[in-house]
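Structural description and commentary
Here is how the chains run, residue by residue.
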Amino acid sequence: MHAYRTHTCGELRAGDVGMPARLSGWVHRKRDHGNLLFVDLRDNYGLTQCVIAAGSAHFKTVESLRLETVVTVSGQVVARAPSAINPKLATGEIEIAVDEITVLSTAEPPPLQVNSEADFPEETRLRYRFLDLRREPLHQHILLRSRVIASIRRRMIAAGFTEFQTPILTSSSPEGARDYLVPSRLHPGKFYALPQAPQQFKQLLMVAGFDRYFQIAPCFRDEDGRADRSPGEFYQLDLEMSFVTQEDVFAALEPIMHGVFAEFRPEAAVTPAPFPRIPYDEALAKYGTDKPDLRNPLVIDDATEIFRGAGFAVFAAAIEQGALVRALRAPGAAAQPRSFFDKLNQWARDEGAPGLGYVTLAEGGARGPIAKFLDAPRLARLRQATGATDGDAVFFVADKRAAADKLAGKARVKLGEELGRVETNAFRFCWITDFPMYERDEETGKIDFSHNPFSMPQGGLEALETRDPLTIKAYQYDIVCNGVELSSGAIRNHRPDIMYKAFGIAGYSREHVEAHFGGMLNAFKYGAPPHGGSAPGIDRIVMLIAGVSNIREVIAFPMNQQAQDLMMGAPAPVPPERLRELHIRVVLPEGDRMVDSKTGNDRR
RNA sequence: GGGCUCGUGGUGCAGCCUGGUUAGCACACUGGACUGUCAAUCCAGAGGUCGCGGGUUCAAGUCCCGUCGAGCCCGCCA
């Protein structure tokens, strides 16, 4: 018999009754009846009830076992009496009659209870991550993550992609985030950067003629965390293809995304390919965001002209100042009580807006505080513009374009939820296309890239030479699911001449481009295929599939929001000799001090 | 860097608004009882710098100020 186990804790069934068996695992729970003792033994695969009676030589041992002790039990598989069958357990028809028990590893009382569904503080969960990972929800999420990645990998290979590895120690890349830096021992004063994404390497692999690249790629960005953004590192399904148009990239990725979501959430509705394509400008106008949640059926319409010259002084004045009026049809909301509208108005004020105008439609007319400013022709145009009919309400936001879009977008989300119109158990994908190539920095007034500077401008060199840069679109696209930005991607600029020009418009000299992106630029001078790709975030995909709202629920060993690993104690100081070796001298900020994070006491 | 919320035995919460006996409940822990439970049950016990510092007060877990920590958000993240 094997030293540790003949079966796993999730394996034995009624058909195994009468067999000898040996199981190893953790003591999940005990039920002590004095002369009869039940132990639920747990491993990765499940739970098996083990039973021992007072006559046994091992009874005292088992009775004294603490929860989470690791043991090996041997005995006979026995059938449970019909009344004692536990239908909640896969192994519920049997139990192990324990003859022998060996303690493999004792356990102190754990700081978080593995067998409990109780909430524990995030700090404790992170510090004792190995215990939290034993618990059912997190354990299952991590297994799900593995299966999702395996499925993605299988689908990518089946679609003709080749998997690569690219360097972790590299130089700074063109993404806009802060780099993690690694000092060089051999080159004093110089630093490696951890890749924010393998962007340049995958493009170089295209130049090298590999045609279709993918990687489950670690990406490192030194930016602050959010519930859906792990500080430090995250994973992307990074892919790149040669000799492709934007539509080719979409056609490659759509079946993979659809397939993975449909595979792991078979009960949910998943957008079939082709996913809707929504130009960036249209997304802002209709949804007030570049990452619309299409489970919400509400759309924003423009009502600027309807209010221009109307008697409502607040809007009319704003329109004269260049503001837009956005209208949001709320189907069936006319029946809502006054408090509903007051509550939304208060919500808008909390969002920093003056308020939220509205009318309700009934019997061919309109009611509400500003209804009197809309005469019959204007009302008819409003009904036409929004599709609103009797029984509906229409909400209004008036502000400069960006602010109006933003508030209308938030109101769309809020109203969709309040009215219960948001689809559940569905994954609604779309592509957001035609992102602007450039934008004007609000503070400096300077023109800069609005996204990846390596994207191909639509219209190519001619557009760069002849058009107002702010009107030029890029072959740049995002994939969005349920309001979550899963990835961005682009058809790349593979032409050095267009690249120099594109960077020139953003104020970067030829020398700057060569100094920073010389490796890739040089490669493009030796025959580069047109290419493009995308990089959906793995962690967010798993989050969506698992139905959780915090990214740490799908990462085995995440850092906290302050980018600390509480279990491993990272980041940590290093001995002076290590710093000397790296030619580093630490200059702490003024007034910095050591504080004991547990007690809050200064330790100066 | 900023905003909001939170911080009470190992853990989850109550107590705070309205200051006043030994800070209460549940889970875990320790001991005892119990031969069919499966969140076993019952009895008993131990366990608390109320994050930290200062202030107001006869009296502070409770009120005030500061500070530290955590989460969420803004900034940031193409």
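See the structure shown above.
Predicted model only: the values in this text are computed from it and were never measured.

1. Quick word on the packing of aromatic side chains
A full pass over the atoms with the stated rule returns 25 aromatic pairs. Ring centres of phenylalanine 341 and phenylalanine 395 lie 5.7 Å apart, and the angle between their planes is 25 degrees; on these two criteria the pair is classed as stacked. Residue phenylalanine 341 is located in helix α10 (residues 338-350), and its partner phenylalanine 395 is located in strand β17 (residues 393-399); the two are separated by 54 residues in the primary sequence. On the accessibility criterion, phenylalanine 341 (4% relative accessible area) is buried. Of the residues examined, phenylalanine 395 reaches a relative accessible area of 2% and is grouped as buried. Taken together, the ring pairs connect Tyr438, Phe449, Phe454, Phe503, Tyr508 and Phe517 into an aromatic cluster. Above the plane of the ring of phenylalanine 161 lies arginine 212, whose end atom (NZ or CZ) is 4.5 Å from the centre. Lysine 446 extends its terminal NZ or CZ atom over the ring of tyrosine 508, reaching a point 5.3 Å from the ring centre.

2. Details of the protein's contact with RNA strand B
In the vicinity of RNA strand B there are 49 residues, among which Arg29, Ala84, Ser450, His451 and Asn452 approach most closely. Backbone sugar and phosphate groups make up 55% of those atoms of RNA strand B lying within 4 Å of the protein. A distance of 3.1 Å separates a phosphate oxygen of RNA strand B from a polar side-chain atom of arginine 29. Those elements giving two or more residues to the surface near RNA strand B turn out to be β1 (20-32) and β2 (36-43). Ranked by residues supplied to the surface near RNA strand B, first place goes to β1 with 4 residues. Class assignment for the residues of the surface near RNA strand B results in 11 nonpolar, 20 polar and 18 charged.

3. A look at the environment of isoleucine 256
For isoleucine 256, the location among the structural elements is in helix α6 (residues 246-264). A C-alpha to C-alpha distance of 48 Å links isoleucine 256 and alanine 81, two positions 175 residues apart in sequence. Those residues within four positions of isoleucine 256 in sequence are excluded, and the remaining contacts are Arg155, Met156 and Ala159.

4. Some words on the pattern of salt bridges
In the structure shown here, the tally under the stated rule is 41 salt bridges. We note a salt bridge from aspartate 40 to arginine 31, for which the minimum N-O separation is 2.9 Å. One network of salt bridges, with partners in common, ties together Arg125, Arg129, Asp132, Arg135 and Glu553.

5. Here we look at the sheet that holds strand β23 (residues 484-491)
Across the sheet, which stays open at both edges, the 8 strands sit in the order β6-β9-β10-β24-β23-β22-β19-β12 with mixed pairing between neighbours. The open sheet has two free edges, formed respectively by β6 (162-163) and β12 (277-279), since each of these has just one partner strand. Both β23 and strand β24 (residues 531-534) contribute to a ladder of 3 bridges, which runs antiparallel. Across the sheet, residue glycine 489 finds its bridge partner in β24, namely serine 534. Where helix α5 (residues 199-207) meets the sheet, it contacts β9 (212-221), β10 (232-242) and β24, and its direction lies at approximately 20 degrees from that of β10.

6. Observations regarding the sheet that holds β17
Read across the open sheet, the 5 strands follow the order β13-β14-β17-β15-β16; overall the sheet is antiparallel. Strand pairing shows two members of the sheet lacking a second neighbour, β13 (300-302) and β16 (365-367), which therefore form its edges. Strand-to-strand twist across the sheet, computed as the mean angle between neighbouring axes with direction ignored, equals 30 degrees. Looking at chain direction, strand β15 (residues 357-362) and β16 are connected through 3 bridges and run antiparallel. Bridged to leucine 361 within β16 is alanine 366.

Cut-offs and rules
Residues numbered from 1 in each chain as written. Chains lettered and ligands numbered in written order. Predicted model: local features only at pLDDT ≥ 70, side-chain atom pairs only at ≥ 80, totals over all residues. Heavy atoms only, no water. Phe/Tyr/Trp six-rings, centres within 6.5 Å; stacked < 30°, edge-to-face > 60°. Helix = DSSP H or I, 4+ residues; strand = E, 2+ residues; numbered from the N terminus. Buried < 20%, exposed > 50% of the residue type's maximum accessible area, 1.4 Å probe, protein only. Lys NZ or Arg CZ within 6 Å of the ring centre and 35° of its normal. Near = heavy atom within 4 Å. Polar contact = N/O pair within 3.5 Å; in protein donor to acceptor, adjacent residues only side chain to side chain. Nonpolar A, V, L, I, M, F, W, Y, C, P; charged D, E, K, R; others polar. Contact = heavy atoms within 4.5 Å. Salt bridge = Lys/Arg side-chain N within 4 Å of Asp/Glu carboxyl O. Pairing = 2+ DSSP bridges. Axes fitted to C-alpha atoms, helices over the stretch in contact; angles between N-to-C directions.

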